[in-house]
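# Chains, contacts and geometry: an overview
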Amino acid sequence: MTAHQPFSRQVLAELLAFEEQPSLSLYMPTHRTFPERSQDPIRYKNLVRDLQTQLEQQHPDMDCAPLLEPFLALVEDQGFWNSNRDGIAVFGARDYFKVISVSQRVPQCAFANSHPYLKPLLRLVQSTERYQALCLTRNEVWLYEGSSEQLEKIELAEQVPRNQNEALGDELTPGDQQGFPNGFSRSGERGDAMMHEAAGGGKQDEINLDRERFFRAADKAILQYHSQPSGLPMILVALPENQAVFRAVSHNPNVLAQGIEGDPSRFSLEELRVHCSKLMAHSHADRVVDSLNRYGVAVGQGRSLDKLAEIAKAAWEGRVALLLVEAERQVPGQLDLDKGRLLIDETGDEQAPDVLDELILAVTRQGGEVVVVPPEHVMPTDTGAAAVCRF
């Protein structure tokens, strides 16, 4: 059975790497239950036919069979069609084929172009982006990775200390000085007052120093072996006092400003997933609002653009720091990558490339930020795009 794959930064990097070669992009809503899902392979096959037609028109002398073969093989994969969620995005190019499964509805469309069609996927990733959840007590650390749908505990790299003993070794304050009465366990995570009373202020200071040194060591190793390789946002799950100490010593730019306050050992996996999903949804909504505000400030500073031709030229020159794109808008046309000119398609061809997607590609490749603005937010321009320039 063909494997579904979640969308990730690695997949995006792969898609952005395609340069001037026939690239196939197919999006389609799918169904989880019978009998609706029985029609999914039929609709998919019709979209593959659309891809074939486009390829034959664009490249009449090319043998299209190798590009289409993996797409067609999927039609007969019954196990695949019986295990879908709410939508799929399928991408193919020379020596490349990938199926992305998503849990939100996607538009039904198929495009053959020199690069993948990314706008629907970028809109989805803003609301379904994967994340990591770092669970922290004063003496232990563990890590989850997931999305709005599922959360799984992941194995920490060997170099990451799991607890104070692994992090501090001989430098750890001896157990008989830590003020832990017999039988004290992690269930007493809010034990500062108890420990202070049992140990005395001086020993409590040593205990607090142990916690701080443990958090420093854990933060450094997690950043190196988990955050930097994945690039995922990280949610901190810890009691307020541990949140404060960890944030004071952390150098991890992926840790979100808002965390989940509570003893992580007391959350069930499902409770933690729900908390994390709500936090991520708020985070993405805030990002859209912040981006719209950045554009408003840029207007006052003379660093904004709202005409597509001007945005295209600035994107080609690498001057766009932030691109806002209207989610439900399509503008037929292309961006001349050699000169940065915008070529609007007025033929009415429904299969024509989308200028907004071309701008997304150009800005992303130049290191700019792209935010797809959903319908619940008001787009500040009527052209479908808005840009904030670096200079």
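Now for a description of the structure that goes with this document. (Residues numbered from 1 in each chain as written. Predicted model: local features only at pLDDT ≥ 70, side-chain atom pairs only at ≥ 80, totals over all residues. Heavy atoms only, no water.)

### Quick look at the nonpolar core
One finds L15, Y27, F91, I100, L121, L323 and L359 to be the most contacted residues of the largest nonpolar core, which totals 46 residues. By residue number, the principal contributor to this core is helix α12 (residues 355-365), which donates 7 residues. Apart from the residues lying within four places of it in its own chain, the contact partners of I100 are Q5, P6, F7, V11, G87, I88, A89, F91 and L121. (Core = buried A, V, L, I, M, F, W, Y, C linked by side-chain atoms within 4.5 Å. Buried < 20%, exposed > 50% of the residue type's maximum accessible area, 1.4 Å probe, protein only. Helix = DSSP H or I, 4+ residues; strand = E, 2+ residues; numbered from the N terminus. Contact = heavy atoms within 4.5 Å.)

### Quick look at the environment of P6
Within the secondary structure, P6 is located in the segment before α1 (9-16). Taking the relative accessible area as the measure of exposure, P6 reaches 37% and is therefore partly exposed. For P6 and E76, which are 70 residues apart along the polypeptide, the C-alpha to C-alpha distance reads 22 Å. If near-sequence neighbours (up to four positions away) are discounted, P6 is found in contact with V11, I100 and R130.

### Side note on the pairing of strand β15 (residues 385-389)
For β15, a buried count of 5 out of 5 residues is recorded, marking the element as mostly surrounded by other parts of the structure. Taking every second residue as pointing to the same face, both faces of β15 are buried, with A385, A387 and C389 on one and A386 and V388 on the other. Here strand β10 (residues 304-305) runs beside β15; their pairing, made up of 2 bridges, is antiparallel. Residue L305 lies in a different strand from β15, and its bridge partner there is A387. Pairing geometry for strand β11 (residues 320-326) and β15, over 5 bridges, is antiparallel. Bridge assignment links L324 to a residue of β15, and that residue is A386. (Pairing = 2+ DSSP bridges.)

### Thoughts on unusual backbone geometry
Leaving glycine aside, a negative phi is the common case for residues, and trans is the common case for peptide bonds. Omega for the peptide link from F34 to P35 comes to 10°, which places this bond in the cis form. Inspection of the secondary structure puts P35 in the loop between β1 (23-29) and α2 (40-58). One non-glycine residue with positive phi stands out, namely D95, at about 60°. Here D95 shows up in the loop between β2 (87-93) and β3 (96-102).

### Comments concerning the pattern of salt bridges
What the rule picks out here adds up to 17 salt bridges. Two residues, R43 and D40, come together in a salt bridge whose shortest N-O distance is 2.6 Å. Separated by 3 residues within a single helix, R43 and D40 lie in helix α2, roughly one turn from each other. We note a salt bridge from E270 to R273, for which the minimum N-O separation is 2.7 Å. Of this pair, E270 and R273 both sit in helix α10 (residues 269-301), separated by 3 residues, roughly a single helical turn. For E270, a relative accessible area of 45% puts it in the partly exposed group. In this structure, a network of salt bridges that share partners links the residues R287, R294 and E369. (Salt bridge = Lys/Arg side-chain N within 4 Å of Asp/Glu carboxyl O.)

### Structural notes on the packing of helix α11 (residues 308-316) against α12
Running from N to C, α11 and α12 cross one another at 25°; their axes reach a closest spacing of 9 Å. It follows that α11 is roughly parallel to α12 by the angle criterion. The crossing of α11 and α12 is left-handed. Counting all contacts with α11, which are made through L308, I311, A312 and A315, the residues of α12 involved are L356, L359, A362 and V363. Of the residues in the contact of α11 with α12, the class split is 8 nonpolar, no polar and no charged. (Axes fitted to C-alpha atoms, helices over the stretch in contact; angles between N-to-C directions. Parallel < 35°, antiparallel > 145°, perpendicular 65-115°, else oblique. Left-handed = near helix turned anticlockwise from the far one by under 90°. Nonpolar A, V, L, I, M, F, W, Y, C, P; charged D, E, K, R; others polar.)

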